[in-house]
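So you can see what is in the structure, the chains are spelled out below.
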Amino acid sequence: ALMALGINPYTGTSLDHIAKILSYFDGTQFGDSSFVNDDIFAMYPLLDAGYTTSDDVIQKAAGFIVSKQKSNGSWEDSVDLTAAAVQTLVQTSSLANVSEALEKAKTYLHSKQQINGGFENGQSTSWALQAIAAFGDSISSWTIDGKTPEEYLALVQQIDGGLETASTDTHTRLWSTEYAIPAALGR
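Sequence order sets the numbering: in each chain, residues are counted from 1 along the sequence as written. Note on the predicted model: pLDDT of at least 70 is required for a residue's local features to be given, and 80 or more for side-chain atom pairs to be given and counted; whole-chain, interface and lining totals, by contrast, use all residues. Only hydrogens and water are set aside; all other atoms, that is, all heavy atoms of the structure, feed into the side-chain values.

A. Inspection of the overall build of the chain at higher detail. Within the chain, the secondary structure is distributed over eight helices and zero strands. Traced from its N-terminal end to its C-terminal end, the chain shows the element sequence α-α-α-α-α-α-α-α. Two things to know: the radius of gyration comes from C-alpha atoms, and the globule rule equals 2.2 Å times the number of residues to the power 0.38. Compactness check: the chain gives a C-alpha radius of gyration of 17 Å against a globular reference of 16 Å for 187 residues, within 12% of the reference. Taking the principal axes of its C-alpha atoms as reference, the chain extends roughly 45 × 40 × 30 Å. Working rule for contacts: check all heavy atoms of both residues, and any pair within 4.5 Å makes them a contact. Long-range pairs, those at least 24 residues apart, make up 62% of the contacts in the chain between residues at least 6 apart in sequence. Comment: elements are numbered from the N terminus, with helices defined as DSSP H or I runs of at least four residues and strands as E runs of at least two.

B. Structural detail: the pattern of salt bridges. Here, a salt bridge means any Lys or Arg side-chain nitrogen found within 4 Å of an Asp or Glu carboxyl oxygen. For the coordinates displayed, the defined rule picks out four salt bridges. With a shortest N-O distance of 2.9 Å, aspartate 160 and arginine 173 are connected by a salt bridge. Of this pair, aspartate 160 sits in the loop between α7 (149–156) and α8 (170–184) while arginine 173 sits in helix α8, and the two are 13 residues apart along the sequence. Since its relative accessible area comes to 13%, arginine 173 is described here as buried. Exposed residues in this analysis have more than 50% of their type's maximum accessible area, buried residues have under 20%, and partly exposed residues fall in between, with area computed by a 1.4 Å probe over protein chains only.

C. The packing of aromatic side chains, seen in detail. Here a Phe, Tyr or Trp ring, Trp counted by its six-membered ring, pairs with any other such ring whose centre lies within 6.5 Å, and the pair is stacked when the planes are under 30 degrees apart, edge-to-face when over 60, and tilted otherwise. Scanning the entire structure with this criterion turns up six aromatic pairs. With a centroid separation of 6.2 Å and 50° between ring planes, the pair formed by phenylalanine 119 and tryptophan 142 is classed as tilted. Here phenylalanine 119, found in the loop between α5 (98–112) and α6 (122–135), pairs with tryptophan 142, found in the loop between α6 and α7; they are 23 residues apart in sequence, far enough to count as distant. An identical accessibility class is assigned to phenylalanine 119 and tryptophan 142; each is buried. Where tryptophan 175 meets tyrosine 179, the ring centres are 5.7 Å apart and the plane angle is 40°; that geometry is what we call tilted.

D. Broad picture of the packing of helix α4 (residues 79–89) against α6. An axis is simply a line fitted to the C-alpha atoms; with a helix, the fit covers only the stretch in contact. Between two such axes, the angle follows the N-to-C directions and lies from 0 to 180 degrees. At their nearest, the axes of α4 and α6 sit 8 Å apart, and the two run at 25° to each other. Comparing the axis directions of α4 and α6 gives the class roughly parallel. The hand of the α4/α6 crossing is left-handed. Contacts between α4 and α6 involve Val79, Asp80, Ala83, Ala84, Val86 and Gln87 from the former and Gln123, Ser124, Trp127, Ala128, Gln130, Ala131, Ala134 and Phe135 from the latter. Of the residues contributing to the contact of α4 with α6, the split by class is nine nonpolar, four polar and one charged. Each angle receives one of four descriptions, namely roughly parallel if under 35 degrees, roughly antiparallel if over 145, roughly perpendicular if within 65 to 115, and oblique otherwise. Left-handed describes a crossing in which the near helix is turned anticlockwise from the far one by less than a right angle; the clockwise case is right-handed. Each residue is assigned to one of three groups, with Ala, Val, Leu, Ile, Met, Phe, Trp, Tyr, Cys and Pro labelled nonpolar, Asp, Glu, Lys and Arg labelled charged, and all others, Gly among them, labelled polar.

E. Just the packing of α4 against α5, in detail. Interhelical geometry of α4 versus α5 gives an angle of 150° and a closest axis separation of 10 Å. In this structure, α4 meets α5 at a crossing whose hand is left-handed. Together, Val79, Thr82, Val86 and Leu89 of α4 and Val98, Leu102, Ala105, Tyr108, Leu109 and Lys112 of α5 make up the contact between the two elements. Its residues assigned to classes, the contact of α4 with α5 comprises eight nonpolar, one polar and one charged.

F. Quick peek at the side chain of lysine 106. Note on placement: lysine 106 falls in helix α5. Reaching out from lysine 106, the side chain makes a polar contact with the side chain of aspartate 137 at a distance of 3.2 Å. Lysine 106 has contacts with Phe135, Asp137 and Trp142, leaving out every residue within four places of it along the chain. Pairing of N or O atoms within 3.5 Å defines a polar contact, subject to two protein rules: one partner must be a possible hydrogen donor and the other a possible acceptor, and residues neighboring in sequence count only if both atoms are side-chain atoms.

G. Layout of the nonpolar core. We define a nonpolar core as any set of buried Ala, Val, Leu, Ile, Met, Phe, Trp, Tyr and Cys residues linked to one another through side-chain atoms lying within 4.5 Å. Among the nonpolar cores identified, the biggest contains 46 residues, and Ile65, Trp75, Leu89 and Leu109 are the most heavily contacted of them. Listing elements by their share of this core, those giving two or more residues are α2 (37–48), α3 (56–67), α4, α5, α6, α7 and α8. If you tally residues by element for this core, the top one is α4, at seven residues. In contact with leucine 89, other than residues within four places in its own chain, are Ala62, Ile65, Val66, Trp75, Val98 and Leu102.

Laid out in structure tokens, this is it:
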């Protein structure tokens, strides 16, 4: 968020946010070793802040993330988390086993796409669209019976611009709509 606002995450506030993230690295992974989401989401800002595949922390965290992939190609049987992992790992595809993990993830995501073009719900569809963009895929390779994930998002968008029905709780609608913005922009 800081970098999106043009604020240096190292020196732009009273807290060095990159050092704070790194303080959770135990030499193998970030945070709680029973979770993989903290590792996936720690990699986002580090890669944006200048860390690369030549950095030990990126190599080890990517290896940990890959090690947590299930045999079906997912992370935790979740479209959302698998799509998040794709967005991180695509930036580290030169590392050992990452390309294979990405191919398995793509197969998993294809298997979860529904005949309406979407993935489970608006949030999952948005995450999947972000992964499709990260793969560099054409939306035509993600079309089922002439329906795309983008068209599914249009179907669940309401007259007020939000995603999901008005009866859905406000926080869920807000998150769904926020996730759809980068998805619709192909980011």
